[in-house]
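# Inside the fold
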Amino acid sequence: MISKIATKPAATPTFRTGDERLIKLTDNAAKKVGTLLTKQGRPNGVLRVAVVGAAVSGMQYKMDLQDGPANRISW
């Protein structure tokens, strides 16, 4: 079955763009990250996501729970 093409114009994003420190999580993912941070004793912690390299099969990513955001130099 072929689905119908949406005719509504694209909605304006409800999240900030141009800020490399932000990613968008589903509600369930955000709850899980919050639960993991609380269990680790880091209720004000953050989820850090980084691109650590590229391989033949595509980009490689790393996710880690940290105490807080780190200031990084953008190149």
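Residues numbered from 1 in each chain as written. Predicted model: local features only at pLDDT ≥ 70, side-chain atom pairs only at ≥ 80, totals over all residues. Heavy atoms only, no water.

Moving on: the confidence of the model for the chain. Predicted confidence across the chain gives a mean pLDDT of 76, with 64% of residues reaching 70 or more. Averaged over each element, pLDDT in the chain is lowest for strand β1 (residues 46–55) (83) and highest for helix α1 (residues 27–39) (93). (pLDDT = per-residue confidence, 0-100. Helix = DSSP H or I, 4+ residues; strand = E, 2+ residues; numbered from the N terminus.)

The next subject is the pattern of salt bridges. Summed over all chains, the structure comprises one salt bridge. The closest approach of N and O atoms between Arg42 and Asp67, which form a salt bridge, is 3.6 Å. Separated by 25 residues along the polypeptide, Arg42 in the loop between α1 and β1 and Asp67 in the segment after β2 (58–66) bring together distant segments of the chain. On the accessibility criterion, Arg42 (24% relative accessible area) is partly exposed. Classification of Asp67 by relative accessible area gives exposed; the value is 60%. (Salt bridge = Lys/Arg side-chain N within 4 Å of Asp/Glu carboxyl O. Buried < 20%, exposed > 50% of the residue type's maximum accessible area, 1.4 Å probe, protein only.)

Pairing geometry for β1 and β2, over nine bridges, is antiparallel. Note on β2: the bridge partner recorded for Ala55 is Gly58. Count of turn residues in the β1/β2 antiparallel hairpin: two residues. (Pairing = 2+ DSSP bridges.)

So, about the environment of Val52. Residue position: Val52 is located in strand β1. For the pair formed by Val52 and Lys62, sequence separation is ten residues and the distance between their alpha carbons is 6.6 Å. When neighbours within four sequence positions are excluded, Val52 is seen to be in contact with Gln60, Tyr61 and Lys62. (Contact = heavy atoms within 4.5 Å.)

Taken together, the side chains of Ile23, Leu25, Val49, Val51, Met59, Tyr61 and Met63 make up a nonpolar region of the molecular surface, amounting to roughly 710 Å² of accessible area. Broken down by secondary-structure element, the contributors of at least two residues to the nonpolar patch are β1 and β2. In terms of residues, the nonpolar patch owes the most to one element, β2, which gives three residues. When you line up the elements, Ile23 lands in the segment before α1. (Patch = residues over 30% accessible without salt bridge, like charges linked within 9 Å, V, L, I, M, F, W, Y side chains within 5 Å. Areas by Shrake-Rupley, 256 points an atom, 1.4 Å probe, with all protein chains shown as cover.)

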